[in-house]
Amino acid sequence: MSEEIAVVAGDGIGREVVPPAVDVLDALDRGFEFVEADAGDAVLEATGDPLPEETYDLVASADATLFGSVGESAADVILPLREAVDSFVNVRPAKAYPGVDALRPETDLVFLRENSEGVYKGIESKLTADVSTLTRVVTTSASERLAEYACDYAPEGFTVAHKANVMRETDGRFLDAVEGVADERGVETERALMDALAMHLCLRPEEYDVVVCPNLAGDVLSDLAAGLVGGLGLLPSANVGPERGVFEPVHGTAPDIAGEGVANPCAAILSAAMLLDFLGYGADADRVRDAVEAVLEDGPRTPDLGGDAGTDDVAAAVLDEL
Ligand code: NAI
Ligand code: MG
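On a predicted model such as this, the values are computed, not experimentally measured, just so you know.

Rules of the game
Residues numbered from 1 in each chain as written. Chains lettered and ligands numbered in written order. Predicted model: local features only at pLDDT ≥ 70, side-chain atom pairs only at ≥ 80, totals over all residues. Heavy atoms only, no water. UniProt positions renumbered as here; feature names shortened; annotations may be inferred. Helix = DSSP H or I, 4+ residues; strand = E, 2+ residues; numbered from the N terminus. Near = heavy atom within 4 Å. Polar contact = N/O pair within 3.5 Å; in protein donor to acceptor, adjacent residues only side chain to side chain. Areas by Shrake-Rupley, 256 points an atom, 1.4 Å probe, with all protein chains shown as cover. Nonpolar A, V, L, I, M, F, W, Y, C, P; charged D, E, K, R; others polar. Buried < 20%, exposed > 50% of the residue type's maximum accessible area, 1.4 Å probe, protein only. Arc of directions from axis to C-beta. Contact = heavy atoms within 4.5 Å. Domains from an automatic or database assignment. Buried area = accessible area lost by both parts, 1.4 Å probe. Salt bridge = Lys/Arg side-chain N within 4 Å of Asp/Glu carboxyl O. Core = buried A, V, L, I, M, F, W, Y, C linked by side-chain atoms within 4.5 Å. Phe/Tyr/Trp six-rings, centres within 6.5 Å; stacked < 30°, edge-to-face > 60°. Patch = residues over 30% accessible without salt bridge, like charges linked within 9 Å, V, L, I, M, F, W, Y side chains within 5 Å. Lys, Arg positive; Asp, Glu negative; His and termini not counted. Charge placed at Lys NZ, Arg CZ, Asp CG, Glu CD.

**Student:** Give a description of the UniProt feature "domain: Isopropylmalate dehydrogenase-like" (unreviewed entry) in the chain that names residues and reports values.
**Tutor:** The feature "domain: Isopropylmalate dehydrogenase-like" (unreviewed entry), as given by UniProt, occupies residues 4–318 in the numbering adopted here. Along residues 4–318 one finds 43% helix and 19% strand; the C-alpha atoms at either end are 23 Å apart.

Here's what the structure looks like:
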């Protein structure tokens, strides 16, 4: 069995961090077939379309996709690609590593972010010269699907972020649906108002393990957690669908350092580990994570972590550890 893996590096440092992640997957000798495709600002400029149909079709049919990052066209690329794999949950672990100077070294949590609706549904209108509106969509079905995933992921229980005291109808529906599924499955949950949760995460991140969030809240809270653990260069993510997934670092194209060869490849390599988990190669995924952890602890490290190594040095060290 040889899985087909779509590789979409994108723009900026996406092009620098994705090749090391592919090298790591290749080094595992699982016979993966890698197929490269374009998306992002550069293709937009060349062809007028940031997401060529071939790329969409490839992602929709490949077993899994390794994605880098794209620039200003991000919304026009990532949202359709999440939809191409029918992704209903964005899994975002935030973990502090020994050897990395973290604001909160005790942080080790995972956000399960609703990935298909909420305020990112794209329903915005300009009503008058003075007024613009946004429609927030929350469905029981999407909330329950997320909750089922959360119950499998965290049978020991999870926190549910919400703001149902203000958004009574939409977050009320979200909360009812998630808690309903958890009750039925016998999984314990605790509620957390998302604004207060932001503060608690800063002060006592060790009190949280798995946090289930509506779309926007998950986006913001997971970036906040990135700040607690030492920056965006370390955070992987998985856009999970029922049969396929898109795996990508949380960071963007980092125009301030793109082209200098100093981008931290760890987030992309850890995203490849999540891809391995998804495809059922859990032991390989653990090996990759162990290799990254060893390199983070002993170096070499890229400048974002206070080191002076390049992307290639870190990538080579991870391969050595493997
Ligand atoms: P960014 O994540 O690209 O950069 C934020 C800061 O973190 C910068 O100082 C950057 O140098 C640093 N950084 C990020 N990743 C790093 C890494 N691997 N190693 C070392 N340092 C790293 O976010 P920003 O600046 O807000 O956005 C830049 C562009 O990226 C925009 O055009 C935005 O639309 C796009 N973007 C794309 C995303 C995606 O493709 N999923 C996600 C976020 C932003
Ligand atoms: Mg974000």
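**Student:** Could you give me a rundown of the site of ligand 1, with the residues and numbers involved?
**Tutor:** By nearness alone, 22 residues border ligand 1, and Glu72, Gly252, Ala254, Asp256 and Asn264 come closest of all. Within the backbone of valine 70, a nitrogen or oxygen atom sits 3.0 Å from an oxygen atom of ligand 1. Interatomic distance of 3.1 Å between a backbone N/O atom of threonine 253 and an oxygen atom of ligand 1. Here ligand 1 has 810 Å² of accessible area as a free molecule, and 70% of this is covered by the chains. Broken down by secondary-structure element, the contributors of at least two residues to the shell around ligand 1 are β3 (64–69) and α4 (74–84). For the shell around ligand 1, a count of residues per class yields eleven nonpolar, seven polar and four charged.

**Student:** Now, about helix α3 (residues 53–61): what can you tell me, with residues and values included?
**Tutor:** Within α3, the full set of buried residues consists of Thr55, Leu58 and Val59. All buried residues of α3 project into a common sector of 95° when viewed along the axis, lining one side. Residues of α3 that are buried in the fold lie against β1 (4–10), β2 (33–36), β3, α4 and β12 (245–249).

**Student:** Could you give me a rundown of the domain arrangement of the chain, with the residues and numbers involved?
**Tutor:** Assigned domains of the chain: these are domain 1 (1–93 + 232–321) and domain 2 (103–228). When each unit is reduced to the centre of its C-alpha atoms, the spacing between domain 1 and domain 2 is 24 Å. Across the contact, 16 residues belong to domain 1 and 17 residues belong to domain 2. Between domain 1 and domain 2, roughly 1400 Å² of surface is buried when both sides are summed, and carbon and sulfur atoms account for 54% of that area. Three residues stand out in domain 1 for area buried against domain 2, namely Phe88, Asn90 and Arg92, and they jointly supply 44% of the buried area on that side. Inspection of the domain 1/domain 2 interface yields three salt bridges. Two residues, arginine 92 and aspartate 219, come together in a salt bridge whose shortest N-O distance is 3.7 Å. Sorting the residues of the side of domain 1 that touches domain 2 by element identifies α4, β4 (89–95) and β11 (236–240) as the ones contributing at least two each. At five residues, the largest contribution of residues to the side of domain 1 that touches domain 2 is made by β4.

**Student:** Describe the nonpolar core, listing the residues and the values that go with them.
**Tutor:** Among the nonpolar cores identified, the biggest contains 86 residues, and Leu66, Leu112 and Phe158 are the most heavily contacted of them. Counting residues per element, this core draws most heavily on helix α9 (residues 266–279), which supplies ten residues. Each of two domains, domain 1 (1–93 + 232–321) and domain 2 (103–228), supplies a minimum of three residues to this core. When neighbours within four sequence positions are excluded, leucine 66 is seen to be in contact with Ile5, Ala6, Val7, Val8, Val18, Ala21, Val22, Leu25, Phe247, Ala268, Ala272 and Leu275. Counting 16 residues, the second-largest nonpolar core is a separate cluster that includes Leu51, Leu58, Val59 and Val246.

**Student:** Requested: an account of the packing of aromatic side chains, with residues and values cited.
**Tutor:** If you walk through the whole model with that rule in mind, you get five aromatic pairs. Relative to phenylalanine 34, the ring of phenylalanine 32 lies with its centre 6.3 Å away and its plane at 75°, an arrangement referred to as edge-to-face. Residue phenylalanine 32 is classed as buried on the basis of its relative accessible area, which comes to 9%. Summarising the aromatic geometry, the rings of phenylalanine 247 and phenylalanine 278 are spaced 5.5 Å apart at their centres and angled 55° between planes, so their arrangement reads as tilted. Note that phenylalanine 247 is positioned in strand β12 and phenylalanine 278 in helix α9, a separation of 31 residues in sequence.

**Student:** Can you break down a negative patch on the surface residue by residue, with the values?
**Tutor:** Together, Glu36, Asp38, Asp49, Glu53, Glu54 and Asp57 line one region of the surface with negative charge. Mapping glutamate 36 onto the fold places it in strand β2. Look at glutamate 36 and you get exposed, because its relative accessible area is 70%.

**Student:** Go over helix α11 (residues 311–321), please, and point to the residues and values.
**Tutor:** Within the span of α11, buried status applies to Thr311, Val314, Ala315, Ala317 and Val318. Along the long axis of α11, the arc covered by the buried residues comes to 160°, so they all point the same way. Seen from the buried face of α11, the exposed residues on the opposite side, beyond 90 degrees, are Asp312 and Asp320. The inward-facing, buried residues of α11 abut α1 (14–27), α9 and α10 (282–298).

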